[in-house]
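Letter by letter, the chains look like this.
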Amino acid sequence: MNTEHSGQLYEKACTLMPGGVNSPVRAFRSVGRTPLFIRSARGSRLTDEDGNELIDYVCSWGPGILGHAHPQVVETVREALADGLSYGAPTGKEVQLAEMIRACMPSMERMRLVSSGTEAVMSAIRAARGYTGREKIVKFKGCYHGHADGLLVKAGSGALTGGVPDSAGVPASYTAHTLVAPYNDRQAVEDLFREYGEQIACLIVEPVAANMGVVPPADGFPAFLREITARYGSVLIFDEVITGFRLGTGGAQALYHVMPDMTTLGKIVGGGMPLAVYGGRKEIMDCVAPLGSVYQAGTLAGNPVATAAGIATLSVLTEHPEIYNEIEKKAVSLAEAYRSLGLQVNQIGSLLSAFFTDCPVTDYESAVRSDTGRYAAYFGHMLEHGVYVAPSQFEAMFVSAAHSHEDVERTCRIIRAFEG
């Protein structure tokens, strides 16, 4: 596989950007390779700067549920471009997209459009703190909610420790009110609320964790989180940046029949453009300026091109709900291929992860037991055979409507041929 041009671009990029990339995982460091630089994408395929064509299971980390350059989305964006790129003023498209989202997720009585998942989560937590008048938040080890300072936290020596910054440049005071519990651990959550309950503004969770690899919730865990947050008057926030419109038009909250107080969305809701959303109960969102004292603003929020892409994408998904069954079947086929290698596989809907470990993966601690060296060898095997998967053991694999049965069958054969 010739990657000469990508290599040259990477050398130049390293003189211009930290690590030569604009987001760390793209550097391919955990798999010991030089990153590919992508020239174009269409359907289920990426084409890099050296002309290599790859079946893509990263799908821009999730938003490509319809595949790349879907004709209806592209045409809608093309029409929006002709009307201008940005206004910094309200548009009808904002209203249309918000109406579509609320129709699918009734828990989002009011919402605010922003430009990234990080911004959505940061703003949702601020609104929850403003609404409750409390300062502490609860998150789970291994759940990623963007790179806002107060969320870059790992658990210390135990589940009940206050947050310790997990990144240089983050003052300890920023994370002092962040409490961390193991994912899927009811007792740890009970203990946290027993000690700090009256101080906890909100609990934020990926209802299906997808940033330590895919880790579904244990039976009844989402409902338990709903009950305990209600009991202590804390706000329950579902971070559905990945699961929203990926597990169905109602997201994980519809799948598990749990209505959170607030939800954050991204990825698919912008159709691949920079757009995200946070929202929830009216009384919480009414605390946000200009109605309330919780300040949040953004010049590019509700961008007309991004909202056009989101409207087009959600239109296809709501008009063709059979898409979800079709892509889930493809994901099941891939999961079976991985299991034939003796790997641990977590799969839900069109999300899956194959873990290079013998132990079931139910939380962060079991995920990190995976053999990352073996994963790196597997990544190289897949890439050399024309399949692009996540350059990290701890990321999800995404299946799209554009993946053909031939794509999946070919991928399964390549998986089964791995001998590392």
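Residues numbered from 1 in each chain as written. Predicted model: local features only at pLDDT ≥ 70, side-chain atom pairs only at ≥ 80, totals over all residues. Heavy atoms only, no water.

### A short note on the nonpolar core
We apply this condition: Nine residue types can take part in a nonpolar core, namely buried Ala, Val, Leu, Ile, Met, Phe, Trp, Tyr and Cys, and a core is a set of them joined through side-chain atoms within 4.5 Å. We call a residue buried when its accessible area falls under 20% of the maximum for its residue type, exposed when it is over 50%, and partly exposed in between, using a 1.4 Å probe and counting protein chains only. Residue contacts are counted whenever heavy atoms from the two residues lie within 4.5 Å of one another.
If you look at the biggest cluster of nonpolar residues, it comprises 77 residues, and the most contacted ones within it are Phe245, Tyr338 and Val389. Not counting residues within four places of it along the chain, the set of residues in contact with Tyr338 comprises Leu343, Val345, Leu352, Ala354, Tyr378, Met382, Val389, Met397 and Ile415. Val138, Tyr196, Val205 and Leu236 belong to the second-largest nonpolar core, a separate cluster that totals 28 residues.

### Examining the sheet that holds strand S13 (residues 344-348)
Through backbone hydrogen bonds, the strands of a sheet pair up, either in parallel or in antiparallel fashion. What counts here: A pair of strands is considered paired only if DSSP assigns at least 2 bridges between the two. Helix and strand assignments come from DSSP, with helices taken as H or I runs of at least 4 residues and strands as E runs of at least 2, each series counted from the N terminus.
Strands sit in the order S13-S14-S16 across an open sheet of three strands; the sheet is antiparallel. Pairing within the sheet leaves two strands with one partner each, and these edge strands are S13 and strand S16 (397-398). When strand S14 (residues 351-355) meets S16, the two strands line up antiparallel, connected through two bridges. Among the inter-strand pairings, Leu352 is bridged to a residue of S16, identified as Met397.

### Brief notes about the sheet that holds strand S1 (residues 38-42)
Cut-off, in case you're wondering: Axis lines are fitted through C-alpha atoms, for helices just across the contact stretch, and the angle between N-to-C directions can take any value from 0 to 180 degrees.
As summarised here, the arrangement of the four strands in space is S1-S2-S3-S15, forming an open sheet in which the pairing is mixed. The open sheet has two free edges, formed respectively by S1 and strand S15 (387-388), since each of these has just one partner strand. Across two bridges, strand S3 (residues 53-56) lies against S15 in parallel orientation. Its bridge partner being in S15, Asp56 is matched across the sheet by Tyr388. Sitting on the sheet, helix H14 (residues 405-416) touches strand S2 (45-48), S3 and S15, and the angle it makes with S3 is about 95°.

### Comments concerning the packing of helix H11 (residues 322-339) against H14
Put simply, the test is: When describing relative orientation, an angle under 35 degrees is termed roughly parallel and one over 145 degrees roughly antiparallel, while 65 to 115 degrees is termed roughly perpendicular and anything else oblique. Classification used: nonpolar for Ala, Val, Leu, Ile, Met, Phe, Trp, Tyr, Cys and Pro, charged for Asp, Glu, Lys and Arg, polar for all others including Gly.
Between H11 and H14, the least distance of the axes is 9 Å, while the angle of their chain directions is 10°. What the angle tells us is that H11 and H14 run roughly parallel. Of the residues in H14, those in contact with Lys330, Ser333, Leu334, Glu336, Ala337 and Tyr338 of H11 are His405, Val408, Thr411, Cys412, Ile415 and Arg416. Of the residues contributing to the contact of H11 with H14, the split by class is six nonpolar, three polar and three charged.

### A short note on the side chain of His381
Looking at where His381 falls in the secondary structure, it is placed in helix H13 (residues 372-384). Note on His381: relative accessible area 14%, which makes it buried. In this structure, His381 is in contact with Ile414, Ala417 and Phe418, ignoring residues within four places of it in sequence.

### Thoughts on H14
Three- or four-residue spacings in an α-helix give side chains the same orientation, since the helix completes a turn every 3.6 residues. The criterion, for reference: Multiplying one less than the number of residues by 1.5 Å gives the expected span of a helix. An arc is given here, and it is the one of the directions from the helix axis to the C-beta atoms.
The end-to-end C-alpha separation of H14 is 16 Å, in line with the 16 Å expected for twelve residues at 1.5 Å each. Considered for burial, the residues of H14 that qualify are Asp407, Val408, Thr411, Cys412, Ile414 and Ile415. Take H14 and look down its axis: the buried residues cluster within an arc of 165°, on one side only. Set apart from the buried face of H14 by more than 90 degrees, the exposed residues are His405, Glu406 and Arg413. On its buried face, H14 is in contact with S2, S3, H11, H13 and S15.

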